[in-house]
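Spelled out from the first residue to the last, the chains are:
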Amino acid sequence: MKQFIIVIVILLQGSLLFAQKEKKYIHKGNQLYQEKKYAEAEASYRESVDKSKASVEGNFNLGDALYKQKKFDNAAQKFTDIASSSDNKAVKAKAYHNLGNSLLESKKLEESIEAYKKSLINNPKDDETRYNLAYAQEKLKQQQQQKNKDKNKDKNKKDQDKKDKDKKDQDKDQNKDNKDQQNKDQQNKDKDKQDQDKKDQKDGQQPQPDKLSKEDAERMLEALKNEEKNTQDKLKNKKQKA
């Protein structure tokens, strides 16, 4: 971005005379500024301002030195003070232009746009300011588009997160229902098996044998005794023959 620097001969057209010391510090500051020794230039410009606080050139170029050192807030304050206090349209146009640059570097796009517009009000023919204004407006447009994109992205993410949560809850409920049903089916299966086992046990039960009567038991015992007696008699006869 082009940054204006004030030269007393151009700015005031020789209508205002400065004290010799003030002019010396401004001249020295301008030399240092051209050599890109911005910190030293700032110090020299401050010396000139100390000699004459109302010095437009000293204050203006001090703002430029601050800007070059990326002290954008301090530079913006300097250019704001100059623009609001000067009645010279050329000075106001350049001050607002440099104010716009300082605000733009600080990412204060809306404020920079307003500064550039004020600069063009005081100098409508300044193409450099017109270009900076268009640039700042395009940057603001891109910023707003990005904000909308991020906002939609956040909304879509929240919607997706909600869908994922609902699905997870639904799956959890479904799994619980399936587990409950499985438990119920297993219980029914176990009960059916128990019932079947009882039925099978009942159907396969063997009949108990009839109990012997007392008379039958005595007859069986008598028969065993007779059989034993006959066996003993046979053994006895066999021994006698021998």
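## Topic: the nonpolar core
Nonpolar side chains in soluble globular proteins tend to end up buried together.
Next, step 1: Residues Tyr45 and Leu99 are the most contacted members of the largest nonpolar core, which totals 23 residues.
Next, step 2: Looking at this core, the elements with two or more residues in it are α2 (20-34), α3 (38-51), α4 (56-68), α5 (72-85) and α6 (89-105).
Next, step 3: With six residues, the single largest contributor to this core is α5.
Next, step 4: Formed by eight residues, the second largest nonpolar core is a distinct cluster that contains Leu109, Ile113, Tyr116 and Leu140.

## Overview of a positive patch on the surface
Next, step 1: On the surface, a cluster of positive charge is contributed by Lys21, Lys24, Lys28 and Lys51.
Next, step 2: Ranked by residues supplied to the positive patch, first place goes to α2 with three residues.
Next, step 3: Within the element layout of this structure, Lys21 appears in helix α2.

## Here's the deal with the confidence of the model for the chain
Detailed reading of predicted coordinates is not advised where the pLDDT is low.
Next, step 1: Of the residues in the chain, 84% have a pLDDT of 70 or more, and the chain-wide mean is 83.
Next, step 2: Considering each helix and strand of the chain separately, the mean pLDDT is smallest for helix α1 (residues 8-12), with a value of 37, and largest for helix α7 (residues 109-122), with 97.

## Focus on the packing of α3 against α4
Next, step 1: Running from amino to carboxyl end, α3 crosses α4 at an angle of 155 degrees, the nearest separation of the two axes being 9 Å. Overall, the two elements α3 and α4 adopt an arrangement that is roughly antiparallel. Two packed elements cross with a definite hand, and for α3 against α4 that hand is left-handed. Of α4, the residues touching α3 (which contributes Tyr38, Ala41, Glu42, Tyr45, Arg46, Ser48 and Val49) are Gly58, Asn59, Asn61, Leu62, Ala65, Leu66 and Lys68.
Next, step 2: A class-by-class count of the residues in the contact of α3 with α4 yields seven nonpolar, four polar and three charged.

Conventions we followed
- Residues numbered from 1 in each chain as written.
- Predicted model: local features only at pLDDT ≥ 70, side-chain atom pairs only at ≥ 80, totals over all residues.
- Heavy atoms only, no water.
- Core = buried A, V, L, I, M, F, W, Y, C linked by side-chain atoms within 4.5 Å.
- Buried < 20%, exposed > 50% of the residue type's maximum accessible area, 1.4 Å probe, protein only.
- Helix = DSSP H or I, 4+ residues; strand = E, 2+ residues; numbered from the N terminus.
- Patch = residues over 30% accessible without salt bridge, like charges linked within 9 Å, V, L, I, M, F, W, Y side chains within 5 Å.
- Areas by Shrake-Rupley, 256 points an atom, 1.4 Å probe, with all protein chains shown as cover.
- Salt bridge = Lys/Arg side-chain N within 4 Å of Asp/Glu carboxyl O.
- Lys, Arg positive; Asp, Glu negative; His and termini not counted.
- Charge placed at Lys NZ, Arg CZ, Asp CG, Glu CD.
- pLDDT = per-residue confidence, 0-100.
- Axes fitted to C-alpha atoms, helices over the stretch in contact; angles between N-to-C directions.
- Parallel < 35°, antiparallel > 145°, perpendicular 65-115°, else oblique.
- Left-handed = near helix turned anticlockwise from the far one by under 90°.
- Contact = heavy atoms within 4.5 Å.
- Nonpolar A, V, L, I, M, F, W, Y, C, P; charged D, E, K, R; others polar.

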